[in-house]
Amino acid sequence: MQSEVSAPTVYGHFNARFATIENLVDIFIPSDNFEIVAHPSHTVVLGPRGSGKTCLLKMLQPAALHKWRSAIADKIKSNIHYVGVYIPTDISWSKQAEQLGKPGLPEQYKLILQYAAFTAQVLQRIIDTVIDCLELNENATWAGIVINYRTEKELVAELAAHFRIQLTTLTLLSLKQKLAARIVDIWRFGRQETLAGPEGRNERFITNPDLNFDFFDEALYTIGLINDFTGKKDRQWAFLFDELEIAPTWLVDRLFPLLRSTTIQNVFLKLSMSPFAKLSQASSGSSPRAGHDYELIRLWYVQKTEATQFSRQLLEQTLAKRGIAEVDLHKIFGPSPLKPSTKDRTSGYGIGSKSHEVLTQAYDNDEGFREYVDSKGIDLSKLDELDENKRAAEIRKAYPIVLFRQEFRKYDQNSHAETVYRSRKKPQIFSGIDSFLEILEGNPRWIVGAANELATTILTKKKVTPSQQYIYLRETAERFMSLLKTIPLYDRENDARSLGDTLELVADRIYSSVVQARFTSEPLGSFKIDSRCPDAVLESVGVGMNAGAIILLSETEVNWLAPEELRNKEFRLSYLLSPYKHIPFRIGRPLPFSEIINSSYQKRKTKGLGAAPIDATETTELDLGL
Amino acid sequence: MNKLTIRPKSQFHGSEFFAVFICIGHESRCTHFASLKPPAKEKIAFIYDNDQSPRTTQNRKIISELGFVQLNSSECNLRQLIKDIVARCSHLEEPTRRIAVDISSMTRELMAIWVYTIMDAQNANSVEISFVYSHAKFSPPPEQVPLAKELHSITPEFAGMFSDSTAPVMLLIGLGYEPELALSFIEYLEPAKLLVFEPAHHEKSYTKSIHVKNAMFFKTIKNTPLIRYNVFAPYLLFQDLESAIQGAAYDHRVHIAPYGVKIFAIASLLAASLHYPKVFIWNLNTDPNGQEHDRVADGKISEIVAETGTV
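Residues numbered from 1 in each chain as written. Chains lettered and ligands numbered in written order. Predicted model: local features only at pLDDT ≥ 70, side-chain atom pairs only at ≥ 80, totals over all residues. Heavy atoms only, no water.

With respect to the overall build of chain B
The helix and strand inventory of chain B stands at nine helices and 13 strands. A compact globule built from 311 residues would reach a C-alpha radius of gyration of about 19 Å, and chain B, at 19 Å, matches this within 12%. Its C-alpha atoms put chain B at 50 × 45 × 35 Å along the principal axes. Looking at chain B as a whole, 65% of its 311 residues are labelled buried. Restricting to contacts in chain B with at least 6 residues of sequence separation, those with at least 24 account for 84%. The positive charge centre, built from 30 side chains, and the negative charge centre, built from 33, are 5 Å apart in chain B. (Helix = DSSP H or I, 4+ residues; strand = E, 2+ residues; numbered from the N terminus. Rg over C-alpha atoms; globule rule 2.2 N^0.38 Å. Buried < 20%, exposed > 50% of the residue type's maximum accessible area, 1.4 Å probe, protein only. Contact = heavy atoms within 4.5 Å. Lys, Arg positive; Asp, Glu negative; His and termini not counted. Charge placed at Lys NZ, Arg CZ, Asp CG, Glu CD.)

So, the overall build of chain A
If you tally the helices and strands in chain A, you get 26 helices and 13 strands. Each of the 626 residues in chain A was classed as buried or not, and the buried ones make up 58%. Counted over contacts in chain A with a minimum sequence separation of 6, partners at least 24 positions apart contribute 74%. Accessible surface for chain A amounts to roughly 26,300 Å². Of this, 49% is attributable to carbon and sulfur atoms. (Areas by Shrake-Rupley, 256 points an atom, 1.4 Å probe, with all protein chains shown as cover.)

Things to note about the environment of A:Ala455
Residues and elements named next belong to chain A. Structurally, alanine 455 can be placed in helix H21 (residues 444–461). Sequence separation of alanine 455 and alanine 64 is 391 residues, and the distance between their C-alpha atoms is 26 Å. If sequence neighbours within four positions are ignored, alanine 455 has contacts with Leu319, Arg322 and Ile324.

Observations concerning the packing of H21(A) against helix H22 (residues 466–484) of chain A
Residues and elements named next belong to chain A. Packing of H21 against H22 leaves a shortest axis separation of 12 Å and a crossing angle of 140°. Put simply, H21 runs oblique to H22. Once H21 is placed against H22, the crossing between them reads as right-handed. Across the interface between the two elements, Trp446, Gly449, Ala450, Glu453, Leu454 and Thr457 from H21 touch Gln468, Tyr472 and Phe480 from H22. Tallied by class, the residues present in the contact of H21 with H22 amount to five nonpolar, three polar and one charged. (Axes fitted to C-alpha atoms, helices over the stretch in contact; angles between N-to-C directions. Parallel < 35°, antiparallel > 145°, perpendicular 65-115°, else oblique. Left-handed = near helix turned anticlockwise from the far one by under 90°. Nonpolar A, V, L, I, M, F, W, Y, C, P; charged D, E, K, R; others polar.)

Details of the sheet that holds strand S3 (residues 40–47) of chain B
All names here are of chain B. With mixed pairing, the seven strands of this open sheet are ordered in space as S1-S13-S6-S5-S2-S3-S4. Looking at the sheet topology across the chains shown, the edges are occupied by strand S1 (5–7) and strand S4 (69–72). Sheet twist, expressed as the mean angle between neighbouring strand axes with direction ignored, is 25°. Pairing of strand S5 (residues 98–102) with strand S6 (residues 128–136) involves five bridges; the strand directions are parallel. What sits directly across from aspartate 102, in S6, is valine 132. Seen against the sheet, helix H3 (residues 78–90) touches strand S2 (17–24), S3, S4, S5 and S6 and runs at an angle of roughly 160° to S2. (Pairing = 2+ DSSP bridges.)

Quick word on the sheet that holds strand S13 (residues 589–592) of chain A
Residues and elements named next belong to chain A. Strand order across the open sheet formed by four strands is S11-S12-S10-S13, with mixed pairing between neighbours. Among the strands making up the open sheet, the edge pair consists of strand S11 (550–552) and S13. Going across the sheet, the axis of each strand differs from the next one's by a mean of 45°, ignoring polarity. Note: S11 against strand S12 (residues 570–573), three bridges, orientation antiparallel.

Here's the deal with helix H17 (residues 367–375) of chain A
Residue and element names in this part refer to chain A. Residues of H17 that are buried include every one of Gly368, Phe369, Tyr372 and Val373, and no others. One side of H17 carries all its buried residues, which in axial view fall inside an arc of 135°. Those residues of H17 hidden inside the fold are in contact with helix H16 (354–365), helix H18 (388–396) and helix H19 (399–408). Its side-chain oxygen placed 3.2 Å from the backbone nitrogen of glycine 368, aspartate 366 serves as the N-cap of H17. Positive phi appears at glycine 377, one or two residues downstream of H17, with a value of about 70°. (Arc of directions from axis to C-beta. Polar contact = N/O pair within 3.5 Å; in protein donor to acceptor, adjacent residues only side chain to side chain.)

Thoughts on unusual backbone geometry
Excluding glycine, a negative phi dihedral is what most residues carry, and trans is how most peptide bonds are arranged. All names here are of chain B. Of note, the amide linkage connecting tyrosine 276 to proline 277 takes the cis form, showing an omega dihedral of 0°. Of note, proline 277 is situated in the loop between helix H9 (262–273) and strand S12 (279–287). The phi angle at glutamate 190 is positive, at roughly 50°, despite the residue not being glycine. Looking at the secondary structure, you find glutamate 190 in the loop between helix H5 (179–189) and strand S9 (193–200).

A word on the confidence of the model for chain A
All names here are of chain A. Model confidence for chain A is summarised by a mean pLDDT of 85, while 87% of its residues fall at 70 or above. Overall, residues 1–5 carries pLDDT values under 50, and its contacts beyond four positions in sequence, including any with other chains, amount to 23 contacts. Taken together, the stretch residues 600–626 has pLDDT below 50 and engages in 79 contacts with residues farther than four places along the chain or on a different chain. (pLDDT = per-residue confidence, 0-100.)

What about the layout of surface pockets?
In this structure, the second largest pocket spans a volume of roughly 1,700 Å³. For the second largest pocket, the lining is made up of 50 residues, of which A:Lys95, A:Ile246, A:Glu539, A:Val543 and B:Tyr188 are closest to its centre. For the lining of the second largest pocket, the per-class residue count stands at 27 nonpolar, nine polar and 14 charged. (1 Å grid on protein atoms, 1.4 Å probe; cavity = no way out; pocket = protein on both sides within 12 Å on 5 of 7 lines; lining within 4 Å. Points joined across faces, edges and corners; volume = space filled by probe spheres on them.)

What to know about the side chain of A:Lys569
Residues and elements named next belong to chain A. Mapped onto the fold, lysine 569 is located in the loop between S11 and S12. Owing to a relative accessible area of 19%, lysine 569 belongs among the buried residues under this scheme. Here the side chain of lysine 569 touches glutamate 565 through a polar contact of 3.0 Å, landing on its backbone oxygen.

Concerning the state of the cysteines
Residues and elements named next belong to chain B. Applying the stated criterion to the full structure yields zero disulfides over all chains. The cysteine cysteine 30 is free of any disulfide, with cysteine 23 supplying the nearest cysteine sulfur at 7.8 Å. Cysteine cysteine 76 remains unbridged, with the sulfur of cysteine 23 as its closest cysteine sulfur at 10 Å. By relative accessible area, which is 19% here, cysteine 76 ends up buried. (Disulfide = S-S within 2.5 Å.)

Quick notes on the pattern of salt bridges
Here the structure, examined in full by the defined rule, presents 47 salt bridges over all chains. Note that A:Asp366 and A:Arg405 form a salt bridge whose closest N and O atoms lie 2.6 Å from each other. With A:Asp366 in the loop between H16 and H17 and A:Arg405 in helix H19, the pair connects residues that are 39 residues apart, well separated along the chain. The class of A:Asp366 is buried, set by a relative accessible area of 4%. Take A:Arg405: its relative accessible area is 1%, and that puts it in the buried class. Note that B:Lys300 and B:Asp298 form a salt bridge whose closest N and O atoms lie 3.7 Å from each other. A relative accessible area of 21% means that B:Asp298 is categorised as partly exposed. Salt bridges sharing partners connect three or more residues here, namely A:Lys485, A:Asp501, A:Glu504, A:Asp508 and A:Lys581. (Salt bridge = Lys/Arg side-chain N within 4 Å of Asp/Glu carboxyl O.)

Below you can see the structure in the form of structure tokens.
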């Protein structure tokens, strides 16, 4: 496998897909999720882009496990008793497979070609993994394959005969290369067939030695043979299929029923996909079930505290790789204004605390808040005497809302004029290490991107000021939003809007409810795909989920969702959009999504810089034949 | 499959074309090259059936008056039509064994069909195809972000052929007025290597607006190699693209995203033709998001020439 540092993305340079094994291991944090995915069982990993699906699966490869060394690594590795074969199905491959036999070849022939090409790819990956294992020379259950020269020859001869491959050198390497060549041959055959007529096509397809293999049956045959020839008949394997949401339907249709199958022995399937998928298997009654047939891992977080420890570790580890070791993140990023200090909490928001000052100010200035406090029968001067449960229910819940209103509203008691809304250029409310990590949603790509981007500032200044934190988060959110603005959302036939613009409208409504409307302790903060939403919007919402912009709020939902399954579910916006739209990063009352898609749009302009002129003398002189 | 020979200009300067092929669209500039009345035995105008805009109707009238035969997309097999034109042309004597193809209002897909068909041509004599492009007067970038509708290879033939699905992806991307789409595409494809091609124009307002419009893009890609190409020099652009492909095709899956001016798309296709089938060229279907701009010819025409191989 070839690999290198990846090109820049919207969130920085790290991307697990083409990271070297060394880079992957360097950045890897062994979360609870990794321990689950490593179990000797079938597993489905669900997560939006950048959530670490690829990293989890790639870390199960022998080459990665070999490089990964620590006390925790040893513990986890001691429980892995299978050889992991990573099988990518990235966009490039999927789109290429989609075009096999086009234009003109009937669907059944196209499928035969795609199946054959994928089979060759899976076999290639198995052989590649075996080669890796031989090179590692590890006596471990996750890599221990020993083979001598003579056995290799016999094994390769057997495999080549079975797969109808002519080999002059009987080595695993030449078999792998021939399998690569087979993919090219299949492509050529497909191209010829698009030009040839239908006469004799059946015969040509039946007799072509490259075709008519089933990838899974052949994979089982291959590992069976490897086990036999290497004297370990009960060696277990795991096939790690990545990014199945973009894989062809036939592949998913073949794989998912296998999760229920008890007939595949010695093999575990580890499948990764996005939370939203248009799969025929997804909603079928006979679908395999999470908890029964496979373990499910969801790489998104409904509650912001869920990912805190992982996020903190990943940030620390990434900074350490940039030469910033043993950091005190609290010192670097400072406290979060939204989190009352320990002193405030222990004093129960009592007189003299910062929190008490904030609440008192709001009581004096904000009529709605005053009414709220009075209606609850709370005396702000005696908050420390309040029952802890009541304080949590009435005050702690309202506190972040009060802070947001203070940040973005300006009160003028004397004039009794209408409230003025502040256009804060660099609001401080999103700063502090706790807030910073919560806004990054436990998304590894976002966290690693932040660490890399801010490393120089931390090295030189030893801290990241609240303004710098805000600027970084806002710019990242802007870039994220620019991607979302390219995703169409159809609310009726041929009437496309952008998903990004639509989500901005949701955010505007939340801002209005939190900041502009009369105070409520339960403002809007989420949305619901209600029954009045047209079917056409469901797919766009799903695309937003897969992009990480929309988070499903259901704690009990256990599987991936097909379009029709989004209905009556509640969602929130990614907290990364909070600094961009000045909205709280907390769950709030749901807003019917149908109200949003019926609203009008606002246009926005972008600004930028100029560039130097060029010389026009290089212009080609055109010959018009005149 | 024949290798094309690519040249900056025609070898047969001054001689008549066998055929001139244009595509009628809603942009005013689609009539510009035809209005120069290049001498040709056959004049063919291709039109998409679903394009019923009033400006297209007006352009059809102009093209009709210039003596072009109009062919609707539903009424002809385009690949066969191109094959036939090239085959008939190949029987002529050398100075007139040439065809002009105006790409100014062509879809990128139609350009790909042209390039693939001439690569696939099996004729006794070579034929020279001049791809010509009418530059447009400056118009400011659209305010609304265009929406990404569909993403697939430009045609099935240009979907690349990569035998190793784990090989890293290298993306060559052309910039235009759609930086959001370009960024979005980079996120989508997740390339290991990226090379950005920025169009440059002698008219300051054009180059400036490209730079302004792409400010966020440039900030994001930071130290990524950037190649500025002169939109009036398609052959130089072709050479840059070909060289980038040559350097990467051995151990990368090379992809090209032809955003921006159509010069970039045709140069990409011709460069990819020399490395066929090792390059994946994307078709980036967009919805204009309620905006449709006219492009008016500024009088300048650029050309790049492909000569077909022989049997």
